Amino acid sequence: MKFLLFALSALATASAFTTSGGAFTTHTSTIGESARNNIVADSSSAHRTRRSTIVMDGKANAIRDRISSVKNTKKITMAMKLVAAAKVRRAQDAVLATRPFSETLQSVFGGLIQRLGGESVELPLLTVRDVKKVTLVVITGDRGLCGGYNSFMIRKAETRFAELKEQGIEADMILVGKKGISYFERRNYPILKTFECGQKPDAKEALAISEEILTTFLSGETDAVELLYTKFVSLIASEPSTRTLVPFSASSISEEGDEVFALTSESGKFGVERTDLGAAEPQEFPNDMIFEQDPVQIINAILPLYLNGQILRTLQESVASELAARMQAMQSASDNAGDLVSSLSLQYNRARQAAVTQEILEIVAGAVALE
């Protein structure tokens, strides 16, 4: 009986110990695993909830996307610069192509003036009147992205218009180029006529402008016509200029010099070489040469051709100045894009380094917690 009670007691104790001891043993193991699991869970939870390192203007991936965008923009601006350079060469060839005609015209005009000697030449286009009204011919561009090219020319025209008003002289405008047209039309300036000028001005466009000028002047609607255009100086400089178109001066026509420019490239950089040609030598006519028409009438017929040539030349020079300004603007934009890429790359590398450092710290903290 005692043995039975002892056996039952032993079984109960063993059952209790097994449950309790197993629970204790299992519990001890569970505590260690739970600690490790909690550490791993906390670490993974912190890793999941940890935000990307922010540096100044955005996350690392946002900075990377912006770097890619700026690099693409730099490629576009460099391509636009090369396109403008090719068009400058085309404008240079156009100027050289028109040079023989203008030189011959100037030579014939000078020879006729010498043939007439001291005789007074009374022609409408050479007659100086009392100036009561002036017509301003303003040449601007059709496009933007060319730095201050259009704004300088518009400011020059506004200044000249204000000067004439202060002197009590009436003024109106003939506008060439979309930028000038849109600007002055919005401000209700007196506009006589408008013309659009593309990247390749030709004799037809110049003829339309010169005919409008001649009609206005010969009809007595204006007493003088002034031309405002941008003189091509170099690839990094242009000069807004003003000159009187009509009435002409016989001496200035025969003595006016000329210059041509040539676009060059050396070591990947563009440059301009200018050549002063001087005035064309007057053509010599023999004393016994008989003209079918009076020399004065020939001069009267030459003057419109000379005006047309001057308009075409200034259009070509203005286009060359616009393209040079665009080349410079695109070069500046490319340089700024390169600087921005360098700055963003530095920010991006700092962001990556900060993220890596943060992850190392988390790993070390987890290892320390397991010890």
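One structure accompanies this document, and this report is about it. (Residues numbered from 1 in each chain as written. Predicted model: local features only at pLDDT ≥ 70, side-chain atom pairs only at ≥ 80, totals over all residues. Heavy atoms only, no water.)

## As for the overall build of the protein
Argument step 1. For the protein, the count of helices and strands is seven helices and nine strands.
Argument step 2. Burial analysis of the protein (371 residues in total) assigns 35% to the buried set.
Argument step 3. Of the contacts formed within the protein by residues at least 6 apart in sequence, a portion of 74% connects residues at least 24 apart.
Argument step 4. As presented, the protein carries roughly 21500 Å² of accessible surface, and 55% of it is formed by carbon and sulfur atoms. (Helix = DSSP H or I, 4+ residues; strand = E, 2+ residues; numbered from the N terminus. Buried < 20%, exposed > 50% of the residue type's maximum accessible area, 1.4 Å probe, protein only. Contact = heavy atoms within 4.5 Å. Areas by Shrake-Rupley, 256 points an atom, 1.4 Å probe, with all protein chains shown as cover.)

## A closer look at the sheet that holds strand 4 (residues 170-176)
Argument step 1. Strand order in the open sheet formed by five strands is 5-4-3-6-7, with mixed pairing between adjacent strands. Edge positions in the sheet fall to strand 5 (191-195) and strand 7 (237-246), since each has one partner strand and no second. When the angles between neighbouring strand axes are averaged without regard to direction, this sheet yields 20°.
Argument step 2. Both strand 6 (residues 224-234) and strand 7 contribute to a ladder of nine bridges, which runs antiparallel. Bridge assignment links threonine 230 to a residue of strand 7, and that residue is proline 240.
Argument step 3. Sheet strands touched by helix 5 (residues 203-218): strand 3 (133-139), strand 4, strand 5, strand 6 and strand 7. Its angle to strand 5, the strand with the most contacts, is close to 165°. (Pairing = 2+ DSSP bridges. Axes fitted to C-alpha atoms, helices over the stretch in contact; angles between N-to-C directions.)

## What to know about the packing of helix 3 (residues 149-166) against helix 4 (residues 178-186)
Argument step 1. Packing of helix 3 against helix 4 brings their axes to within 10 Å, and their N-to-C directions diverge by 45°. The pairing of helix 3 with helix 4 is recorded here as oblique in orientation. Crossing of helix 3 over helix 4 shows right-handed handedness. Judged by residue contacts, Asn150, Ile154, Ala157 and Glu158 of helix 3 engage Lys179, Gly180, Tyr183 and Phe184 from helix 4. (Parallel < 35°, antiparallel > 145°, perpendicular 65-115°, else oblique. Left-handed = near helix turned anticlockwise from the far one by under 90°.)

## Let's talk about the side chain of serine 321
Argument step 1. With respect to the helices and strands, the residue serine 321 is situated in helix 7 (residues 295-370).
Argument step 2. By relative accessible area, serine 321 is classed as buried at 2%.
Argument step 3. Not counting residues within four places of it along the chain, the set of residues in contact with serine 321 comprises Tyr149, Thr230, Lys231, Phe232 and Ser238.

## Side note on the packing of helix 5 against helix 7
Argument step 1. Taken N-terminus to C-terminus, the directions of helix 5 and helix 7 make an angle of 125°; their axes are 8 Å apart at the nearest point. Between helix 5 and helix 7, the angle falls in the class oblique. Our pair here, helix 5 against helix 7, has a crossing hand that is right-handed. Facing Ala203, Ala206, Leu207, Ile209, Ser210, Ile213 and Leu214 of helix 5, the residues of helix 7 in contact are Pro304, Leu307, Asn308, Ile311, Leu312 and Leu315.
Argument step 2. Across the contact of helix 5 with helix 7, the residue classes break down as eleven nonpolar, two polar and no charged. (Nonpolar A, V, L, I, M, F, W, Y, C, P; charged D, E, K, R; others polar.)

## A look at the nonpolar core
Argument step 1. Core analysis: the biggest nonpolar cluster contains 43 residues, and Val176, Ile213, Phe248, Leu303, Ile311 and Leu315 have the highest contact counts within it.
Argument step 2. Those elements that place two or more of their residues in this core are helix 2 (60-116), strand 3, strand 4, helix 5, strand 6, strand 7 and helix 7.
Argument step 3. At 13 residues, helix 7 tops the list of elements feeding residues into this core.
Argument step 4. Among the nonpolar cores identified, the runner-up in size contains 17 residues, and Leu136, Met153, Ile154 and Met173 belong to it. (Core = buried A, V, L, I, M, F, W, Y, C linked by side-chain atoms within 4.5 Å.)

## Points about empty space enclosed by the protein
Taking a probe equal in size to a water molecule and rolling it over the atoms shows the remaining empty space.
Argument step 1. Evaluation of the coordinates by the stated rule reveals one cavity of 30 Å³ or more.
Argument step 2. Approximately 40 Å³ is the volume attributed to the largest cavity.
Argument step 3. Lining of the largest cavity is provided by Ile139, Thr140, Gly141, Asp142, Tyr149, Cys197, Gly198, Ser318, Val319 and Glu322.
Argument step 4. Here the lining of the largest cavity takes three residues from helix 7, the largest share from any one element.
Argument step 5. A class-by-class count of the residues in the lining of the largest cavity yields four nonpolar, four polar and two charged. (1 Å grid on protein atoms, 1.4 Å probe; cavity = no way out; pocket = protein on both sides within 12 Å on 5 of 7 lines; lining within 4 Å. Points joined across faces, edges and corners; volume = space filled by probe spheres on them.)

Keep in mind these values describe shape, not function.
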